[in-house]
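Okay, here's what each chain looks like letter by letter:
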Amino acid sequence: MLKVIVIRTLIDNYIWLVLKNNKCLVIDPSNEPLVTKFLKIYKLQLVAILITHNHNDHVSGVSALRNIYQVPVYGPKETNYLNNYTVKDNNVIDVLQQCKFIVLSLPGHTKYHVGYYHYPWLFCGDTLFSAGCGRIFNSSIENMFNSLNKINKLPSNTIIFPSHEYTINNLDFIITNNIALLNNMFIIKYYRRIIKRMILNKIPSLPTSLYLERIINPFIQCTNSFYNENKLIKLPKNMNNFNYFKFLRNKKDTF
Ligand SMILES: [Zn+2]
């Protein structure tokens with residue numbers, strides 16, 4: 001049976017592990033000792049390391065883990081120096097006993113950022129967060145817009161596994177600025193209450209689902225694949241969906 005398990009590290013990072021029986025792969029392991037400890041306690045055999053992008057809080061445990069366990073590393077062009085296999089859009093990774101992952105190119109946060117998709121799961125790194133999206137570093141807002149649009153074309157039951165616990169901050173941004181594009185602020189505020197209680201009890205707010213993000217996440221709601229089909233969405237005058245997306249992303253940078 002397939003399972004996903006999370007290890008929390010640094011301030012708000014999540015390391016996701018996908019398990020099949022006693023074998024597992026790890027995504028964005030930024031902390032080798034924590035992963036090693038976990039593998040030992042649960043008697044798991046690591047079979048591969050997957051990287052979404054080249055930021056230290058995602059890759060800092062990769063070299064040490066690879067040296068200890070002698071497992072292959074899959075990552076995008078920007079993590080070339082760590083990769084055994086450099087992956088591109090649509091590549092298939094088949095390392096976990098018939099649990100195949102499809103590589104999705106998702107630039108925007110970084111230039112060569114990728115996600116890993118095994119229906120109905122998407123490990124999206126720093127592209128999509130619950131109620132928010134990633135910051136733009138060495139890529140462009142257009143790329144981020146297109147990557148979120150690509151994610152939003154997946155089925156609504158897609159389970160999203162982002163790499164950071166940013167949900168409360170993202171919801172606060174939405175509430176403070178009164179951004180409820182579907183006129184559903186009561187749902188957003190209600191959801192924040194639930195998440196706040198989870199966080200206080202040290203329960204992750206993630207994973208989330210595409211279904212939920214379409215209800216609460218203004219960045220997802222602004223993508224073409226959603227906006228064009230939802231005549232209920234109200235944007236400020238003189239703004240199209242891309243301009244508003246850009247406006248929100250810039251505003252969030254200073255929130
Ligand atoms: Zn990052």
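In what follows, the structure referred to is the one given above.
Here goes a summary of the coordinates provided. As the structure is a computational prediction, the values presented were derived from the model and not from experiment.

### Focus: the sheet that holds strand E3 (residues 23-27)
Here is step 1: The strand order across the open sheet formed by six strands is E1-E2-E3-E4-E5-E6, and the pairing between neighbours is mixed. Looking along the sheet, the strands with just one partner apiece sit at the ends: strand E1 (2-9) and strand E6 (85-86).
Here is step 2: With eight bridges joining them, E1 and strand E2 (residues 13-20) adopt antiparallel strand pairing. In the strand pairing of E2, Lys 3 is matched with Leu 19.
Here is step 3: Taken strand by strand, helix H1 (residues 32-41) contacts E1, E2, E3 and strand E4 (45-50), and its axis lies near 140° from that of E1.
Here is step 4: Helix H3 (residues 62-69) rests against E4 and strand E5 (73-75) of the sheet, and its axis sits at about 145° to E4.

### Quick look at the pattern of salt bridges
Here is step 1: On inspection of all chains with the given rule, the structure shows four salt bridges.
Here is step 2: A salt bridge links Arg 135 to Asp 253, with the nearest nitrogen and oxygen atoms 3.9 Å apart. Residue Arg 135 is found in the loop between strand E12 (132-133) and helix H4 (141-151), and its partner Asp 253 is found in helix H10 (residues 241-253); the two are separated by 118 residues along the sequence.
Here is step 3: Classification of Asp 253 as partly exposed rests on a relative accessible area of 31%.
Here is step 4: When the shortest N-O distance is used, the salt bridge between Asp 253 and Arg 249 registers 2.7 Å. Pair noted here: Asp 253 and Arg 249 are both in helix H10, with a separation of four residues, about one helical turn.
Here is step 5: Overlapping salt bridges, with partners in common, bring together Arg 135, Arg 249 and Asp 253 in one network.

### Notes on the sheet that holds strand E8 (residues 99-105)
Here is step 1: In space, the six strands of this open sheet follow the order E7-E8-E9-E10-E13-E14, with mixed pairing throughout. Across the chains shown, the open sheet's two edge strands, defined by having one partner strand only, are strand E7 (92-96) and strand E14 (208-209).
Here is step 2: Examined bridge by bridge, strand E9 (residues 114-118) and strand E10 (residues 121-125) share three bridges and lie antiparallel to one another. Looking at the pairing, Tyr 117 lines up with Leu 122 of E10.
Here is step 3: Sheet contacts for H4: E8, E10 and strand E13 (159-162); angle to E8, the most-contacted strand, approximately 150°.

### As for the coordination of the zinc ion
Here is step 1: Surrounding the zinc ion are the protein donor atoms His 53 (NE2), His 55 (ND1), His 109 (NE2) and Asp 126 (OD), which sit 2.2 to 2.3 Å from the metal.
Here is step 2: Taken together, the four donor atoms surrounding the zinc ion define angles of 89 to 172° at the centre, an arrangement classified as irregular.
Here is step 3: You can call His 53 buried: its relative accessible area is 0%.
Here is step 4: Looking at Asp 126, the relative accessible area reads 3%, which means it is buried.

### Re the pairing of E7
Here is step 1: The sheet contact formed by E7 and E8 spans three bridges and is antiparallel. Opposite Ile 93, over in E8, you have Phe 101 as the bridge partner.
Here is step 2: Remark: two residues form the turn of the hairpin made by E7 and E8, two consecutive strands paired antiparallel; Gln 97 in that turn has positive phi of roughly 40°.

### Quick word on the packing of helix H5 (residues 167-176) against helix H6 (residues 185-200)
Here is step 1: For the pair H5 and H6, the least separation of the axes is 10 Å and the interaxial angle reads 155°. On the basis of the axis angle, H5 is roughly antiparallel to H6. Where H5 crosses over H6, the handedness of that crossing is left-handed. The residues of H6 that touch H5, namely those facing Thr 167, Ile 168, Leu 171, Asp 172, Ile 174 and Ile 175, are Met 185, Ile 188, Lys 189, Tyr 191, Arg 192, Ile 195, Lys 196 and Ile 199.
Here is step 2: Counted by class, the contact of H5 with H6 contains nine nonpolar, one polar and four charged residues.

About the criteria used
Residues numbered from 1 in each chain as written. Predicted model: local features only at pLDDT ≥ 70, side-chain atom pairs only at ≥ 80, totals over all residues. Heavy atoms only, no water. Pairing = 2+ DSSP bridges. Helix = DSSP H or I, 4+ residues; strand = E, 2+ residues; numbered from the N terminus. Contact = heavy atoms within 4.5 Å. Axes fitted to C-alpha atoms, helices over the stretch in contact; angles between N-to-C directions. Salt bridge = Lys/Arg side-chain N within 4 Å of Asp/Glu carboxyl O. Buried < 20%, exposed > 50% of the residue type's maximum accessible area, 1.4 Å probe, protein only. Donors = N, O, S within 2.8 Å, 3.2 Å for Na, K, Ca; no water. Tetrahedral: all angles 85-135°; square planar, octahedral: opposite > 155°, others 65-115°. Parallel < 35°, antiparallel > 145°, perpendicular 65-115°, else oblique. Left-handed = near helix turned anticlockwise from the far one by under 90°. Nonpolar A, V, L, I, M, F, W, Y, C, P; charged D, E, K, R; others polar.

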